[in-house]
Amino acid sequence: MSSRTLQIPMPDGRADALAAFPDDGERHPAVLMYPDAFGLRPVLREMAEQLAGHGYFVLVPHYLYRNGRTPLVDLPEFIGDEERDRLVGRLMPLLGEHTLDRVLDDAAAYLRFLGERPEAAPGPVAVTGYCFGGLLAVRTAAAHPGEVAAVAAFHAPVAADGPDRLGQLAAEVHFGHAAGDITAEDLSSLNQVLDGAGLTYTSEIYPDTVHGFTMSDTSAHSPSALDRHWERLLPLLARNLRTT
C-alpha cells in the first residue's frame with residue numbers, strides 16, 4: 001500500500017490532496033473521496049488507505065484550497081462536542097464561499113487529474129463523500145453522469161439542491177443518513193425522488209447515529225455505523241468498478 005500527499009492543478013491555484021493506492025505497479029479504478037468540513041487529517045488517510053486496500057486508487061482533495069493550504073484550522077487529535085461547534089463556526093463561512101460554480105469547476109479538474117494518473121485505470125470512477133463532502137459527491141456525480149458509475153454520501157445534506165439535482169444522477173447511489181439528521185418522513189420524500197428518477201439506490205437511516213458518525217476522531221463516531229458504512233460502500237464499488 002502506498003499513500004502520498006500531492007498537489008492538483010485547479011482553476012484557481014493548486015489543491016493539496018492525499019492519494020492512496022496498492023503499491024503493485026498495476027492500474028486501479030479511481031475513487032474520488034470528499035472529506036468532511038474538517039478536511040485532510042489522519043483519520044481520512046486511514047479511511048483512504050483502507051479503501052485502497054480493496055484495489056482502488058483513492059484521491060482525497062482539500063476542496064477549500066482557495067482559502068489556503070491544509071489545515072485551515074488547528075485540529076485537536078480528538079474533536080469533542082465543544083471543539084466541534086467552535087470549529088464548524090469558523091469553517092461555515094468558508095463553506096458558504098464554496099459556490100456551486102466553484103464545486104463544478106473543481107470537480108472537472110479532479111476527474112481530469114484522475115484520468116491522467118498512471119496508477120488509476122481508465123474508465124468509470126466512483127465518488128464518495130462525508131458531511132458537506134457528501135453534497136459535493138452528489139454534485140460531481142450529477143454533473144458527470146457519463147464518468148461517475150457510483151456515488152455514496154454519508155451524514156450529508158444530499159437533498160440540499162432539490163429534486164432537480166438528484167434527477168440528474170445516472171450512477172448507482174447509496175445514501176447513509178444519520179438518525180439525528182433526517183426524519184422518517186423526509187427520508188420517504190427523498191426516496192420518492194430517487195424512485196422517480198429511476199435510479200438504482202439504497203437510502204437509509206443508520207440507527208442510533210448523529211451527524212458525523214463515520215469519523216473516528218470525533219465524539220459523533222459510531223463504530224457499528226462505520227462498519228455498516230463499509231458494508232454498503234464496498235459492494236457498491238465492486239458492482240460498478242472493475243478491479244484487477
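Everything below is about the structure printed above this text.
Predicted, not measured: the structure shown is a model, and the values here were computed from it.

Trainee: Looking at this structure, how should I read unusual backbone geometry?
Mentor: As a rule of thumb, non-glycine residues mostly have phi less than zero, and peptide bonds are mostly trans rather than cis. Across the junction of T70 and P71, the peptide omega takes the value 0°, indicating a cis bond. Structurally, P71 can be placed in the loop between β4 (57-61) and α2 (81-97). Despite not being glycine, H155 has its phi angle at roughly 40°, a positive value. Along the polypeptide, H155 turns up in the loop between β6 (148-154) and α5 (163-167). One non-glycine residue, D208, lies in the positive phi region at around 55°. Turning to its location among the elements, D208 is positioned in the loop between β8 (201-206) and α7 (223-240). On the accessibility criterion, D208 (77% relative accessible area) is exposed.

Trainee: How do you make sense of the pattern of salt bridges when you look at a structure like this?
Mentor: It is possible for side chains bearing opposite charge to pair when their charged atoms get close. Across all of its chains, the model carries 11 salt bridges by this definition. R41 is the salt-bridge partner of D36, the closest N and O atoms lying 2.8 Å from each other. Taking relative accessible area as the criterion, D36 reaches 5% and is therefore assigned buried. Given the relative accessible area of 10%, R41 is considered buried. In this structure, R139 and D161 form a salt bridge, with 2.7 Å as the shortest nitrogen-oxygen distance.

Trainee: It is not clear to me how the side chain of N191 should be interpreted in this structure. Could you clarify?
Mentor: Structurally, the position occupied by N191 is in helix α6 (residues 184-196). On the accessibility criterion, N191 (14% relative accessible area) is buried.

Trainee: Explanation requested: the pairing of strand β1 (residues 2-10) in the structure shown.
Mentor: The two faces of a sheet get side chains in turn, since along a regular strand they alternate between them. The pairing of β1 with strand β2 (residues 13-21) spans nine bridges and is antiparallel. Among the inter-strand pairings, R4 is bridged to a residue of β2, identified as A19. What sits between the antiparallel neighbours β1 and β2 is a turn of two residues.

Trainee: Help me out: how do you make sense of the packing of aromatic side chains in this one?
Mentor: When we look at a pair of aromatic rings, we describe it by the centre distance and by the angle of the planes. Within this structure, the stated rule accounts for seven aromatic pairs. Taken together, a centroid distance of 6.2 Å and an interplanar angle of 65° make the contact between Y34 and Y63 edge-to-face. With Y34 in strand β3 (residues 30-34) and Y63 in the loop between β4 and α2, this pair connects stretches of sequence that are 29 residues apart. A network of ring pairs unites the aromatic residues Y34, Y63, Y110 and F132 as a single cluster. Between R228 and the ring centre of Y206, over which it is positioned, the NZ or CZ distance is 5.1 Å.

Trainee: Looking at this structure, I do not really get α6. What am I missing?
Mentor: Because the α-helix completes a turn every 3.6 residues, residues three or four places apart line up on one side. Across its 13 residues, α6 extends 18 Å between first and last C-alpha, which sits within 8% of the 18 Å expected from 1.5 Å per residue. On its buried side, α6 packs onto α5, β7 (172-178) and β8. Taken from the residues just after α6, G198 is the one with a positive phi, measuring 70°.

Trainee: Honestly, the nonpolar core in this entry has me stumped. Any pointers?
Mentor: In globular proteins that are soluble, nonpolar side chains generally tend to be buried together. Among the nonpolar cores identified, the biggest contains 55 residues, and I8, Y34, L59, Y63 and F175 are the most heavily contacted of them. Counting residues in each nonpolar core, the second largest holds 31 residues, with A48, L51, V58 and L241 among its members.

Cut-offs applied
- Residues numbered from 1 in each chain as written.
- Predicted model: local features only at pLDDT ≥ 70, side-chain atom pairs only at ≥ 80, totals over all residues.
- Heavy atoms only, no water.
- Helix = DSSP H or I, 4+ residues; strand = E, 2+ residues; numbered from the N terminus.
- Buried < 20%, exposed > 50% of the residue type's maximum accessible area, 1.4 Å probe, protein only.
- Salt bridge = Lys/Arg side-chain N within 4 Å of Asp/Glu carboxyl O.
- Pairing = 2+ DSSP bridges.
- Phe/Tyr/Trp six-rings, centres within 6.5 Å; stacked < 30°, edge-to-face > 60°.
- Lys NZ or Arg CZ within 6 Å of the ring centre and 35° of its normal.
- Expected span 1.5 Å × (residues − 1).
- Contact = heavy atoms within 4.5 Å.
- Core = buried A, V, L, I, M, F, W, Y, C linked by side-chain atoms within 4.5 Å.

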